[in-house]
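Breakdown of the fold
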Amino acid sequence: MKIQILISKSSWANKYKKNIISHLSNYSKNIKIFNDHKNLKKDYDINIIFSYFKIIPKKYLIKSKVNLVPHESNLPLGKGMSPLTWQILKNKKRIYFSLIEANSSVDSGKIYFKKKVIIPKSLLFDEIKKIQFKENLNLILKFIKIYKKSKKIQLGQNQKGESTFYKKRSPIDSEINIKKSIISQFNLFRVVDNKNYPAFFKLYGKKYYLRISKK
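Keep in mind the model is a prediction, meaning the values are calculated, not measured. (Residues numbered from 1 in each chain as written. Predicted model: local features only at pLDDT ≥ 70, side-chain atom pairs only at ≥ 80, totals over all residues. Heavy atoms only, no water.)

Some points on the overall build of the chain
Broken down by element type, the chain carries five helices and ten strands. A globule of 215 residues ought to have a C-alpha radius of gyration of about 17 Å, and the chain, at 18 Å, matches this closely. Taken along its principal axes, the extent of the C-alpha atoms in the chain is 60 × 35 × 35 Å. Buried residues in the chain amount to 46% of all 215 residues. A separation of at least 24 residues holds for 64% of the contacts in the chain among residues at least 6 apart in sequence. When the accessible area of the chain is evaluated, it comes to approximately 12500 Å², of which 51% is carbon and sulfur surface. A distance of 2 Å separates the average location of the 48 positive side-chain charges in the chain from that of its 13 negative side-chain charges. (Helix = DSSP H or I, 4+ residues; strand = E, 2+ residues; numbered from the N terminus. Rg over C-alpha atoms; globule rule 2.2 N^0.38 Å. Buried < 20%, exposed > 50% of the residue type's maximum accessible area, 1.4 Å probe, protein only. Contact = heavy atoms within 4.5 Å. Areas by Shrake-Rupley, 256 points an atom, 1.4 Å probe, with all protein chains shown as cover. Lys, Arg positive; Asp, Glu negative; His and termini not counted. Charge placed at Lys NZ, Arg CZ, Asp CG, Glu CD.)

Here is the structure:
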């Protein structure tokens, strides 16, 4: 089995690349990781779009027999960018993790698996990402185990119902309102990346950064 993986250069998932390869090596001796879909190779069995921020044209998707996308929402609700973050900001604790087939429309492909996952309200960014990685990898491995036995895609169902979309997050989404309490904005503190897009506020014509950690 030949497997290729797409992870954007700026993605949090890059720190888990060795872990991904370690798990997938039980099923394949031919594994490649790319950060640009234009580098994808032809005639691969599976392409795992793990954390990739660009829309992939069909001519690149057809290079692999299967294109898997993990997505953290109860599809077709919550398509788009950063679904896990947006749901935590809405104070959701139980969140669906989905594994779908990539197609030309954003997050609209056939759903292979869904799993409801609890995200404890005490967790911060790195801890949340650790759960996100683990649960997504488990769904991917579940698919690969079945696929390796049959080499046929007999799983999944088409999405039904109304679609909703989350917008792409930007550094400005990490702004704290100094007139509100910490507790009322704690979910925002939980999802900010201390290194790449830390929480901040503006006062007296200056910008101040806040970084959160815990014992």
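Thoughts on the pairing of strand 3 (residues 44–51)
Along any regular strand, the residues point their side chains to alternate faces of the sheet. Most of strand 3 is tucked away: eight of the eight residues are buried. With five bridges joining them, strand 1 (residues 2–7) and strand 3 adopt parallel strand pairing. If you follow I5 over to strand 3, its bridge partner there is I48. When strand 3 meets strand 4 (residues 64–71), the two strands line up parallel, connected through four bridges. Bridging across to strand 4, N47 finds its partner in N67. (Pairing = 2+ DSSP bridges.)

Details of the environment of W12
Among the secondary structure elements, W12 is positioned in the loop between strand 1 and helix 1 (17–24). For W12, a relative accessible area of 18% translates into the label buried. In sequence terms W12 and Y209 are 197 residues apart; their C-alpha atoms lie 20 Å from each other. Beyond its immediate chain neighbours, meaning those up to four positions away, W12 contacts F50, S51, F125, K129, Q132 and F133.

Examining the layout of surface pockets
Reported here for the largest pocket is a volume of approximately 1300 Å³. What lines the largest pocket is a set of 46 residues, and nearest its centre among them are S51, Y52, F53, M81 and S82. Considering each element in turn, the lining of the largest pocket owes the most residues, five residues, to helix 4 (residues 125–150). Counted by class, the lining of the largest pocket contains 20 nonpolar, 15 polar and eleven charged residues. Residue lining of the second largest pocket: L124, F125, D126, E127, F189, R190, V192, D193, N194, K195, I212 and S213, and that is the complete set. A per-class count over the lining of the second largest pocket returns five nonpolar, two polar and five charged. (1 Å grid on protein atoms, 1.4 Å probe; cavity = no way out; pocket = protein on both sides within 12 Å on 5 of 7 lines; lining within 4 Å. Points joined across faces, edges and corners; volume = space filled by probe spheres on them. Nonpolar A, V, L, I, M, F, W, Y, C, P; charged D, E, K, R; others polar.)

Re the nonpolar core
By size, the foremost hydrophobic cluster in this structure holds 41 residues, and its most contacted members are I46, I48, F50 and F143. Element by element, the count of residues in this core is highest for helix 4, at eleven residues. Ignoring sequence-local partners within four residues, the contact set of F50 consists of I5, L6, I7, W12, A13, I20, P70, F133, N136, L137 and I140. Counting 13 residues, the second-largest nonpolar core is a separate cluster that includes L6, Y60, L75 and A102. (Core = buried A, V, L, I, M, F, W, Y, C linked by side-chain atoms within 4.5 Å.)

Section: the side chain of K63
You can see K63 is positioned in the loop between helix 2 (58–61) and strand 4. Here K63 sits buried without a salt bridge, and the closest side chain of opposite charge, D36, lies 9.6 Å off (N-O distance). The residues contacting K63, other than those within four sequence positions of it, are Q4, L40, K41, K42, D43 and Y44. (Salt bridge = Lys/Arg side-chain N within 4 Å of Asp/Glu carboxyl O.)

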